[in-house]
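# Remarks on the overall topology
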Amino acid sequence: MNIENNVFAFTQKRVKQIYYNIKTMPLVVRMMTAKYYKNYINRMRISILSIFLCMLYVYCPAKSDSQDSIIKCEMEIATVFSDMKIYYTSPLSVDMYDGEKIKTMTAFLDLSEAFSVDEQHPLIDPSDFDKDTVKMSSAQRASLLRLAGISDSDTVFIYNFEVDTVYKYSVSNLPAIACVNIYSSGDGIVYDLYDYEFGLDLGNRYTADGNNFTYVGRANPFRTGQMKPIVWQRIARRQFPVKLNAKLIRKLLPEDRKEARIGFGNTYKFSYGHLNYYLQDLKQRDREAVIAENNGATDRYMVVVDTKTNKVLYFEMLSDNEGGAISPLVIENEKSQYNIQNQWTGEPFKGKSAIIYGFYYPSFGCPIISFVDEKDLPIYILCDNRH
């Protein structure tokens, strides 16, 4: 099997999908630390990215052009995300010392990523900027919900996939609060509007640790019993379904890695239903891996194959960079010093294909939920990862 056999159809569909789905673009441009420019960027991001994507649509090669050009085009296309808003909910946290509670943090659904902060019409009164936590008034709460596109008649659905349970809470029963972010630039006496996170206070209602996807709306989008932790099996490199050579690897690597000296690392496989997932670790000989647990791997090429049709459905190059790092694996019959389940697949979203999640640790921005079927646009989690 060779990736060039499918890449043309895959790419042409993706380009048309991007062109016709610009209007669905969510909040994908963030500058968490440059707070004074945040509103400006939020206002400009749609127009700038729309122009950029339209230019890419014109640039992408026609069927008669070389396969190398098509691969290059696919690698350079900016991702268009689903307009589905998925958040992360922080559970109740209690710090103990010598059997005594020293700090309690309420369960919190941060909605800050769903809207742009307006300095001219702040959600909380500046007289409250000396408080770590501000309980929002009914009028302020109503403004927050309106900005986030949420109704009092909606429900908060929290799917904690590590315990495979959906927790449900009526929005009407949840107060709104503003909490100072732990990376705030305030002096601890007086804060700034941008130092606050705005969201719903779940109090001690939600206590489940672990990963979760949170959705706010009328209907539950999640299915239980469908999420699968990925435990990898080591395989021989010759079993990897794509013939990787130096030319193809350079096409797939980030721009700053094109001339790097790359060697092959371990090869892995995982099966889920009629899908086979493959990973090929790559090592840069003049660069150290960000995470030692990855056995020297600085890049990781992933391919998902449909065993019914023998076609490549999904491929992606993951690389260590300033924005994040490839995540450690759980490998069959091998102990890990971290023992953390990072990668997941399965079909937890109703009406959508299998997800690909947890393959990358973002330092800036938030995790992305990808799907095996290209018609299902990836979801950018609104996690408020400012620092």
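Residues numbered from 1 in each chain as written. Predicted model: local features only at pLDDT ≥ 70, side-chain atom pairs only at ≥ 80, totals over all residues. Heavy atoms only, no water.

With that settled, consider the side chain of D154. Structurally, D154 is set in the loop between α4 (138-148) and β6 (155-160). In this structure D154 comes out as buried when scored by relative accessible area, which is 8%. A distance of 2.9 Å separates a polar atom in the side chain of D154 from the backbone nitrogen of S151. Beyond its immediate stretch of four places on either side in the chain, D154 contacts S170, V171, V216, G217 and R218. (Helix = DSSP H or I, 4+ residues; strand = E, 2+ residues; numbered from the N terminus. Buried < 20%, exposed > 50% of the residue type's maximum accessible area, 1.4 Å probe, protein only. Polar contact = N/O pair within 3.5 Å; in protein donor to acceptor, adjacent residues only side chain to side chain. Contact = heavy atoms within 4.5 Å.)

This brings us to the pairing of strand β21 (residues 368-371). Bridging between strand β19 (residues 355-356) and β21 involves two bridges; their strand directions are antiparallel. Bridged to I356 within β21 is S370. (Pairing = 2+ DSSP bridges.)

With 38 residues, the main nonpolar core has I124, V156, Y196, F198, L200 and L202 as its most contacted residues. Mapped onto this core, the elements with two or more residues apiece are β4 (107-110), α4, β6, β8 (176-180) and β9 (196-203). It is β9 that contributes the most residues to this core, four residues altogether. Among the nonpolar cores identified, the runner-up in size contains 20 residues, and I230, W232, L329 and A354 belong to it. (Core = buried A, V, L, I, M, F, W, Y, C linked by side-chain atoms within 4.5 Å.)

Here we take up the sheet that holds β19. The three strands lie next to each other as β19-β21-β22, forming an open sheet whose pairing is antiparallel. Strand pairing shows two members of the sheet lacking a second neighbour, β19 and β22 (379-380), which therefore form its edges.

Okay, the side chain of D384 next. One can find D384 in the segment after β22. Within the structure, D384 has its side chain in polar contact with the side chain of R386 (distance 2.9 Å).

Spatial ordering of the open sheet is given by β12-β13-β14-β15-β16, a layout of five strands whose pairing is antiparallel. In the strand order of this sheet, the two ends are held by β12 (233-235) and β16 (311-319), each with one partner. The average angle at which neighbouring strand axes cross in this sheet is 25°, direction not considered. With nine bridges joining them, strand β13 (residues 262-272) and strand β14 (residues 275-284) adopt antiparallel strand pairing. Looking at β14, one finds that S271 is bridged to N276. (Axes fitted to C-alpha atoms, helices over the stretch in contact; angles between N-to-C directions.)

A few words now on the pattern of salt bridges. Using the criterion set out here, one finds eight salt bridges in the structure. For R218, the salt bridge goes to D154, with nearest N and O atoms at 3.9 Å. Here the residue R218 occupies a position in the loop between β10 (212-217) and β11 (227-229), and D154 occupies one in the loop between α4 and β6, the gap between them amounting to 64 residues. Residue D281 pairs with R300 through a salt bridge whose shortest N-O separation is 2.7 Å. With D281 in strand β14 and R300 in strand β15 (residues 299-306), this pair connects stretches of sequence that are 19 residues apart. (Salt bridge = Lys/Arg side-chain N within 4 Å of Asp/Glu carboxyl O.)

Taken as a whole and judged by the stated rule, the model has one disulfide. Paired through a disulfide, C366 and C383 show a sulfur-sulfur distance of 2.1 Å. Here the S-S torsion is close to -90°, and the disulfide linking C366 with C383 is therefore left-handed. Of this pair, C366 sits in the loop between β20 (360-362) and β21 while C383 sits in the segment after β22, and the two are 17 residues apart along the sequence. The buried category is assigned to C366, whose relative accessible area is 6%. (Disulfide = S-S within 2.5 Å.)

For the rest of this paragraph, the subject is the packing of aromatic side chains. Applying the stated criterion across every chain yields a total of 19 aromatic pairs. Pairing F213 with F349 gives two aromatic rings, centres 5.8 Å apart and planes at 25°, and the pair type is stacked. Separated by 136 residues along the polypeptide, F213 in strand β10 and F349 in the loop between β18 (344-346) and β19 bring together distant segments of the chain. Take F349: its relative accessible area is 1%, and that puts it in the buried class. Ring-pair connections join several aromatic residues into one group, and the members of that group are Y159, F161, F213, F222, W344, F349, Y357 and F371. Seen from the ring of F264, R237 lies directly overhead, with NZ or CZ sitting 3.9 Å from the centre. The residue whose ring lies beneath K352 is F371, and the NZ or CZ to ring-centre distance is 5.6 Å. (Phe/Tyr/Trp six-rings, centres within 6.5 Å; stacked < 30°, edge-to-face > 60°. Lys NZ or Arg CZ within 6 Å of the ring centre and 35° of its normal.)

Functional significance is not addressed by these values, which are geometric in nature.
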